[in-house]
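# Report on the structure
If you want the building blocks of each chain, they are given just below.
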Amino acid sequence: MNLIFATNNLHKLDEIRVLTHNRIRILGLSEAGFQGEIPEEYPTLEQNASQKAWYIYNRLNQNCFADDTGLEVEALDGAPGVYSARFSRIGELQYPELDVTEGNIKKLLAMLEGKTNRRARFRTVISIIVEGQETQFEGVVNGTIASVESGTRGFGYDPVFVPDGETRTFAEMNIGKKNKISHRGVATNKLVDFLNL
Ligand code: IMP
């Protein structure tokens, strides 16, 4: 069976190919011959993952899956959530002079200044559609937001996210360690189980 991963992110494609031991052929969007943007218009991860998967399924008529991830911070009522990627480009506090990722972290630390509750979680939702039937999986990692950045590995909010049970941020861990406990690792392993690989 061929399976399309509705993403252009080559890092995510590599990761899933390792986890599925190459027992199934997983194609990225460009390999599947799809060019262009996929809409992501909803306020929840579940709806966006679903929208992306159906969008590609309906256009390419092939089994496929999509993911959506957000950082949910307790003291910010779950923000940035679905807006995690472009947090520093929206709302009242914006950092147009900074690279988007640097701005995201700076904004997060500014909004948490003086707050004692720094609990947060990363959450990934995967939607897979096989023969017109949709199934969803969730992966969560709980942790806290550090008050300063540490580490140079990973991406996004990794330099300020300390998973529960650890003293280091995701950006201080090697990728193997991060994948074992991460939101995306947990959700992807559920997908691998579902595919019986
Ligand atoms: P996406 O849905 O996987 O594209 O993730 C949306 C945004 O969440 C990214 O642009 C990052 O800012 C953030 N994010 C997702 N996964 C991670 C992670 O593993 N570490 C740090 N930030 C992440």
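See the structure shown above.
Residues numbered from 1 in each chain as written. Predicted model: local features only at pLDDT ≥ 70, side-chain atom pairs only at ≥ 80, totals over all residues. Heavy atoms only, no water.

### Quick look at the pairing of strand β1 (residues 2-5)
Quick reminder of the rule: For two strands to count as paired, DSSP must find a minimum of two bridges between them. Runs of H or I in DSSP of at least four residues are treated as helices and runs of E of at least two as strands, each being numbered from the N terminus. With strands facing away from the observer, any crossover in which the path from the first strand over the helix to the second runs clockwise is taken as right-handed.
Two elements, β1 and strand β2 (residues 25-27), share 3 bridges in a ladder whose sense is parallel. Paired with N2 across the bridge in β2 is R25. Each parallel crossover has a hand, and the one from β1 via helix α1 (residues 10-19) to β2 is right-handed.

### A word on empty space enclosed by the protein
For the record, the criterion: Space inside and on the surface of the protein is sampled on a 1 Å grid over the protein atoms alone, with a cavity defined as a set of points where a 1.4 Å probe fits but cannot get out and a pocket as an open set with protein on both sides within 12 Å along at least 5 of 7 lines; lining residues have an atom within 4 Å of a point. Grid points are joined across faces, edges and corners, and a volume is the space filled by probe spheres set on the points. Residue polarity follows a fixed list, in which Ala, Val, Leu, Ile, Met, Phe, Trp, Tyr, Cys and Pro are nonpolar, Asp, Glu, Lys and Arg are charged, and the others, Gly among them, are polar.
Under the counting rule described, the total for this entry stands at 1 cavity of 30 Å³ or more. Contributing to the lining of the largest cavity are F5, K12, E15, I16, F65, D67, I126, R184 and T188. Elements with a minimum of two residues in the lining of the largest cavity: α1, β3 (64-73) and α5 (183-194). The greatest single-element share of the lining of the largest cavity, amounting to 3 residues, is contributed by α1. Classifying every residue of the lining of the largest cavity gives 4 nonpolar, 1 polar and 4 charged.

### Things to note about the layout of surface pockets
Quantified by volume, the largest pocket comes out at close to 1000 Å³. K12, E40, D68, T69 and A85 are the residues nearest the centre of the largest pocket, which is lined by 36 residues in total. Elements supplying a minimum of two residues to the lining of the largest pocket: α2 (45-60), β3, α3 (100-112) and α5. Ranked by the residues each element gives to the lining of the largest pocket, the list is headed by β3, at 5 residues.

### Describing unusual backbone geometry
In this structure, the amide linkage connecting A79 to the following residue, P80, adopts the cis form with an omega of -5°. Note that P80 resides in strand β4 (residues 80-81). Notably, H21 is not glycine yet its phi reads approximately 50°, a positive angle. Mapped onto the secondary structure, H21 falls in the loop between α1 and β2.

### Remarks on α2
Going by this rule: Here the expected length of a helix is defined as 1.5 Å per residue gap, with one fewer gap than residues. Burial status follows relative accessibility: with a 1.4 Å probe on protein chains alone, a residue under 20% of its type maximum counts as buried, one over 50% as exposed, and anything between as partly exposed. Pairs of residues are marked as contacts when any of their non-hydrogen atoms sit within 4.5 Å.
Relative to the 22 Å expected for 16 residues at 1.5 Å per residue, α2 spans 23 Å between its end C-alpha atoms, a close match to the ideal helical length. Along α2, the positions that sit buried rather than exposed are L45, N48, A49, S50, Q51, K52, A53, I56 and Y57. Buried residues along α2 sit against β1, β3, β5 (119-130) and β6 (133-145). Two residues or fewer past α2, N61 is found with a positive phi of approximately 55°.

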